Amino acid sequence: LFDGIYPFYPQQRKVFVFDVSTIIVIVVFLTFTCSFLLIIPGIRGRARIYWTLRVLLSLIVGVVIVVVQFTGDWETGWVKANTSYKSFSHALVNVDIGLHVGLAGVNVTLRGNPVNQVNETIDYNEHFAWSFNANYDQSYSEGLERGLPSPILYVAEKFTTQSPCSMHRQYRISSHYASATLWVAFCTWLISNILFSMPVLVYGGYMLLVTGAFMIFSLLSFSTVKNSLMCPIQFGTAILRTGYGGSFWLMLVIGLLCFVAGITVVALHYFNLDLLKTFFDLHEDKAEEYQEMTEVYVNPHFVNKGL
């Protein structure tokens, strides 16, 4: 206490789904999309539709791979409970407590029902990072110094390195491997786009399959935490249970989309190559395709002279 008053909470709060990094990535990909939409009227005929489908689908895959690196809803959970608000106080509050796990850390949300209770506005959202350049325990210690509400500190304590739950090691390692495989998937996505712009479409299909495989590997890496024992996060009789969030399911959908697109390209290469070339606007003239020689006219005057 400071002169009989609880510490004031002045910190700027972090949104648990979208942050500045996510917005920057979305703006960059929207810029590419708008630039393409300005170019598309110059493409004639049916090729305009094919170009639009290819570019938009490719941009969707790329933006999802990058954005989910910064989102905080790979695993989410909510619980409603009556619990103490701050240390050394017997006042109970009715709140919704949320846990949002991302690849870079966790967000703990505390929202009052109603928001105004015990003469305060209960609406908090705290981010605790465990990325390579962040120290989770230090973030937790700073939260203790600022006097954060007890429910937030209780949930955040479960993920500290000193906690007997070992949740920090499990989530941190699985998140780092998931993030690494996603960056590899982003690189293979770039390579597939380069190959699709060249007359080697089947290799672009193979790289698209590799992209989908690495995306699925990231999901498998993150889901390994479910195979280990977890400490219960309990508030009285209420238990905070978590499940896979929007980013996890979105990554699964995009990964399956890459598999379907890659298999389609490879199948068309072996069974209907003309249709594949038409879709990618690489259909060549028959004379050039079969490397036929054009007709040559020879002056008989030079032939008679043996030249």
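Residues numbered from 1 in each chain as written. Predicted model: local features only at pLDDT ≥ 70, side-chain atom pairs only at ≥ 80, totals over all residues. Heavy atoms only, no water.

**A look at the overall build of the protein chain**
Let me state the cut-off plainly: By definition, any uninterrupted DSSP run of H or I lasting at least four residues is a helix, any uninterrupted run of E lasting at least two residues is a strand, and each is numbered from the N terminus. The buried label applies to any residue whose accessible area, calculated with a 1.4 Å probe on protein chains only, is under 20% of its type's maximum; exposed applies above 50%, and partly exposed to all values in between. Note on contacts: a residue pair is in contact if any heavy atoms of the two residues lie within 4.5 Å. With residues, only the protein chains shown are counted as cover, and all accessible areas are computed by Shrake-Rupley using a 1.4 Å probe.
Counting its regular elements, the protein chain contains 10 helices and 7 strands. Taking all 307 residues of the protein chain together, 42% fall into the buried category. When contacts within the protein chain are restricted to residue pairs at least 6 apart in sequence, those whose partners lie at least 24 apart make up 67%. Here the protein chain has roughly 17700 Å² of accessible surface; of this, 64% comes from carbon and sulfur atoms.

**Some details on the sheet that holds strand E4 (residues 120-129)**
What holds strands together in a sheet is hydrogen bonding between their backbones, with the strands either parallel or antiparallel. To be explicit about the condition: Whether two strands pair comes down to DSSP finding at least two bridges between them. To obtain an axis, a line is fitted to C-alpha atoms, over the contacting stretch when the element is a helix, and the angle between two such axes runs from 0 to 180 degrees between their N-to-C directions.
Spatial ordering of the open sheet is given by E4-E3-E2-E1-E7, a layout of 5 strands whose pairing is antiparallel. Strand pairing shows two members of the sheet lacking a second neighbour, E4 and strand E7 (243-244), which therefore form its edges. Note: strand E3 (residues 105-117) against E4, 9 bridges, orientation antiparallel. Paired with Asn107 across the bridge in E4 is His127. Together, E3 and E4 form the strand contacts of helix H3 (residues 136-146), whose direction differs from that of E4 by roughly 160°.

**Looking at the confidence of the model for the protein chain**
Operational definition: In predicted models, pLDDT denotes the confidence assigned by the predictor to each residue on a 0 to 100 scale.
Residue-level pLDDT values for the protein chain average 82, and 84% of them are 70 or greater. At the level of individual helices and strands, the protein chain shows its lowest average pLDDT in helix H9 (residues 286-289), which scores 40, and its highest in helix H6 (residues 201-223), which scores 94. In this model residues 285-293 is a low-confidence stretch, pLDDT under 50, and it forms 3 contacts with partners more than four residues away in sequence or in other chains.

**Things to note about the packing of helix H2 (residues 47-67) against helix H5 (residues 167-196)**
Formally: Comment on the angle field: the value is read as roughly parallel under 35 degrees, roughly antiparallel over 145, roughly perpendicular from 65 to 115, and oblique elsewhere. Take the far helix as the reference: if the near one is turned anticlockwise from it by less than a right angle, the crossing is left-handed, and if turned clockwise, right-handed. Throughout, the ten residues Ala, Val, Leu, Ile, Met, Phe, Trp, Tyr, Cys and Pro are labelled nonpolar, Asp, Glu, Lys and Arg are labelled charged, and all others, Gly among them, are labelled polar.
Interhelical geometry of H2 versus H5 gives an angle of 160° and a closest axis separation of 9 Å. Comparing their axes, H5 and H2 come out roughly antiparallel. Every pair of crossing elements has a handedness; the one defined by H2 and H5 is left-handed. Packed against H2, whose contacting residues are Ser58, Val61, Gly62, Ile65 and Val66, the element H5 presents Leu182, Trp183, Ala185, Phe186, Trp189 and Asn193 at the interface. Across the contact of H2 with H5, the residue classes tally to 8 nonpolar, 3 polar and no charged.

**A word on the nonpolar core**
Definition in use: Nine residue types can take part in a nonpolar core, namely buried Ala, Val, Leu, Ile, Met, Phe, Trp, Tyr and Cys, and a core is a set of them joined through side-chain atoms within 4.5 Å.
Within the largest apolar cluster, 67 residues are counted, with the highest numbers of intra-cluster contacts made by Trp74 and Leu99. Examining the composition of this core, we find that 9 residues originate from one element, H2, more than from any other.

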